[in-house]
Amino acid sequence: MNTFASSSNPLSSSTLHLRGPVDYGFTEETAGLFRANASSHLQQNARPGRVVRLDRNRVLVASDDGLLHLPYPSHGLVPATGDWVWLGHNAAGEPAVVEVLPRRSALSRKRAFEASSEEQILGSNIDIVAVVVPVDRPLTHNRLERTLVAAWDSGATPLVVITKADLARLADDVVGEVILQAAGVDVVTTSAEQGDGLDELRQHIPAGATLVFLGPSGAGKSTLINALAGREVQQTGEVRAGDGKGKHTTTSRELVPLADGAVLMDTPGVRGFGLFDADEGMEEMFGDLEELFAECRFADCAHQAEPGCAVQEALAEETLDPRRWASYLKLQRELAALTRKHDAAARRAYQREWHQKVVSAERGQRAAERYRHDQAEERAGKGNKRRKR
């Protein structure tokens, strides 16, 4: 078991030896994070741990001497899978999570039910977000873009992993489409059953790094994890041939240790991925559009019918894919709606804008009615003059 030492920690006046779960990504860099967050109010015997899985009433945490089922902390941040935590004792003297450390990165989404505007943390302290794309079903472009936006925004490095390359004759076509759409993101093609592409994938997972697989059910995530781990750590299930849908063989987010302290996080199949505060991810994913916006004649161009709009020119010249533009607009509307739910000022501004549009439309309608009325009276007056003659 590795040991990392410090002589300036408030928990001890002597040299502090930090022992952590090396198999779950505890490195010297992680030890430094603990030292930087070792406040004076922490218990003298506090030690590092990492959240492996969240159960209904307990948290499964890895420590230097094994896995522990502990109660949730009574205050502070609610733990998420991947969190680094201080372990100590609660008021009853029982072992417990006493503090969650600040997250270096966090993969989040809007909670699944439509009416909610709350953030759901899927995993934290992640280094690589691997978006899994199976080739045995049609490629959903909007879904891929949406997931890559979330991956960029998490603070981790996105990676696209194409699975089941041995099952589809059109694998090369799918790979080509993905490379084109995920510009700037590395793409790895794999076949876990045949062992193809696994060595290349391992090169993207450095020692001590944490990688999360993100994709729909039946995408082959569990099979891929078993192949990388060299043992069966996840159950696998059949996929229906008719619609390509699979069963949820993974029911919770859980860390799986690999060699060299690298860690995998498997997630249940994600059907929908509602974005949450993803401005930075949008800039990364749609950087080409940001460049187009800068070329518009007017700084406040709405990219609709304004003269000199670079976006409309690109659409007319077919250098910008209409589907990609429509996807960008849809994601922006979604983020704007989420902002309005959280920001009262933004909500009032939105309501004023719509009120102005309604008033303007009503004025236009009244003006059109007056015009039609005046035209009718004018025609009637001319008719009376003709009859008098």
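Our subject is the structure that appears above.
Our subject in this report is the structure included herewith. Note that the coordinates shown come from a computational prediction; the quantities given were computed from them, not determined experimentally.

All right, on to the overall build of the protein chain then. Counting its regular elements, the protein chain contains 10 helices and 15 strands. When each of the 389 residues of the protein chain is scored for burial, the buried share is 44%. Excluding contacts between residues fewer than 6 apart, the proportion of contacts in the protein chain whose partners are at least 24 apart in sequence is 63%. Total accessible area on the protein chain stands at roughly 21400 Å², and carbon and sulfur atoms take up 48% of it.

Moving on, we get to the nonpolar core. Within the largest apolar cluster, 21 residues are counted, with the highest numbers of intra-cluster contacts made by Leu-159, Val-161, Leu-201, Leu-211, Phe-213, Leu-228 and Leu-264. Take this core: its biggest share by element is four residues, from helix H5 (residues 221–229).

Moving on, we come to the side chain of Thr-30. By secondary structure assignment, the location of Thr-30 is in helix H1 (residues 28–36). Given the relative accessible area of 9%, Thr-30 is considered buried. Ignoring any residue separated from it by four or fewer positions in sequence, one finds Thr-30 in contact with Gly-25 and Trp-84.

So, about a negative patch on the surface. A cluster of acidic residues, Glu-291, Glu-295, Glu-313 and Glu-317, forms a negative patch on the protein surface. Summarising the element assignment, Glu-317 is placed in the loop between helix H8 (310–316) and helix H9 (322–342). Taking relative accessible area as the criterion, Glu-317 reaches 57% and is therefore assigned exposed.

Now for helix H7 (residues 287–294). Considered for burial, the residues of H7 that qualify are Leu-289, Leu-292 and Phe-293. In an axial view of H7, the angular spread of the buried residues amounts to 100 degrees, which keeps them on one side of the axis. Exposed residues pointing more than 90 degrees away from the buried face of H7 are listed as Glu-291 and Ala-294.

For the rest of this paragraph, the subject is the side chain of Asp-64. Structurally, the position occupied by Asp-64 is in the loop between strand S4 (58–63) and strand S5 (66–71). Of the residues examined, Asp-64 reaches a relative accessible area of 17% and is grouped as buried. Here the side chain of Asp-64 touches Arg-47 through a polar contact of 2.8 Å, side chain to side chain.

The next point concerns H1. Of all the residues in H1, the buried ones are Thr-30, Ala-31 and Phe-34. Angularly, the buried residues of H1 cover 105 degrees about the axis, an arc narrow enough to put them on a single face. Away from the buried face of H1 by more than 90 degrees, exposed residues Glu-28, Glu-29 and Ala-36 are located.

As a further point, take the packing of aromatic side chains. Counted under the stated rule, the structure contains seven aromatic pairs. When the centroid spacing of 6.0 Å and the interplanar angle of 80 degrees are considered together, the rings of Phe-34 and Trp-84 count as edge-to-face. With Phe-34 in helix H1 and Trp-84 in strand S6 (residues 84–89), this pair connects stretches of sequence that are 50 residues apart. Trp-84 carries the same exposure label as Phe-34, and that label is buried. Arranged with centres 5.7 Å apart and planes meeting at 55 degrees, the rings of Phe-293 and Tyr-328 form a pair that is tilted. With Phe-293 in helix H7 and Tyr-328 in helix H9, the pair connects residues that are 35 residues apart, well separated along the chain. You'll find Phe-293 and Tyr-328 in the same group, each marked buried. Ring pairing ties together the aromatic residues Phe-26, Phe-34, Trp-84 and Trp-86, which thus form one cluster.

A word on the pairing of strand S7 (residues 95–100). Summarising the sheet, S6 and S7 pair through five bridges and their orientation is antiparallel. Bridging from a neighbouring strand, His-89 pairs with Pro-95 of S7. Hairpin remark: S6 followed by S7, antiparallel, with five residues in the connecting loop; positive phi at Gly-93, about 85 degrees.

Most peptide bonds take the trans configuration, and most residues that are not glycine carry a negative phi. Positive phi, normally seen in glycine, also occurs at Asn-125, with a value near 55 degrees. Locating Asn-125 in the fold gives a position in the loop between strand S9 (119–124) and strand S10 (128–134). Of the residues examined, Asn-125 reaches a relative accessible area of 1% and is grouped as buried. At His-303, a position not held by glycine, the phi torsion is positive, near 60 degrees. If you trace the backbone, His-303 turns up in the loop between H7 and H8. By relative accessible area, which is 13% here, His-303 ends up buried.

About the thresholds
For every chain, the first residue of its written sequence is number 1, and the numbers climb from 1 along that sequence. Only residues with pLDDT of at least 70 get local features here, since the model is predicted, and only at 80 or more are side-chain atom pairs given and counted; chain-wide, interface and lining totals rely on the full set of residues. Side-chain calculation: all heavy atoms of the structure are included, whereas hydrogens and water are not. Comment: elements are numbered from the N terminus, with helices defined as DSSP H or I runs of at least four residues and strands as E runs of at least two. Exposure classes here rest on a 1.4 Å probe applied to the protein chains alone. A residue is buried below 20% of its type maximum, exposed above 50%, and partly exposed in between. When checking whether two residues touch, look at their non-hydrogen atoms; a contact exists if any pair is within 4.5 Å. Residue burial considers only the protein chains on display, and all accessible areas are found by Shrake-Rupley using a 1.4 Å probe. Side-chain atoms within 4.5 Å are what join buried Ala, Val, Leu, Ile, Met, Phe, Trp, Tyr and Cys residues into a set we call a nonpolar core. Nonpolar side chains (Val, Leu, Ile, Met, Phe, Trp, Tyr) are joined into patches within 5 Å and like charges within 9 Å, using only residues with over 30% relative accessible area and no salt bridge. Any carboxyl oxygen of Asp or Glu within 4 Å of a side-chain nitrogen of Lys or Arg constitutes a salt bridge here. Charge counting follows a simple rule: Lys and Arg are positive, Asp and Glu are negative, and His as well as the terminal groups are ignored. Note on charges: their place is set at NZ of Lys, CZ of Arg, CG of Asp or CD of Glu. For this quantity, the arc is that covered by the directions from the helix axis to the C-beta atoms. Identification of polar contacts relies on pairs of N or O atoms within 3.5 Å, with a donor-acceptor requirement for protein atoms, meaning one able to donate a hydrogen and the other able to accept it, and with residues adjacent in sequence counted only if both atoms are side-chain atoms. Each pair of aromatic rings taken from Phe, Tyr and Trp, with Trp reduced to its six-membered ring, is defined by centres within 6.5 Å and is described as stacked if the planes are under 30 degrees apart, edge-to-face if over 60, and tilted in the remaining cases. Two strands qualify as a pair provided DSSP detects at least 2 bridges between them.

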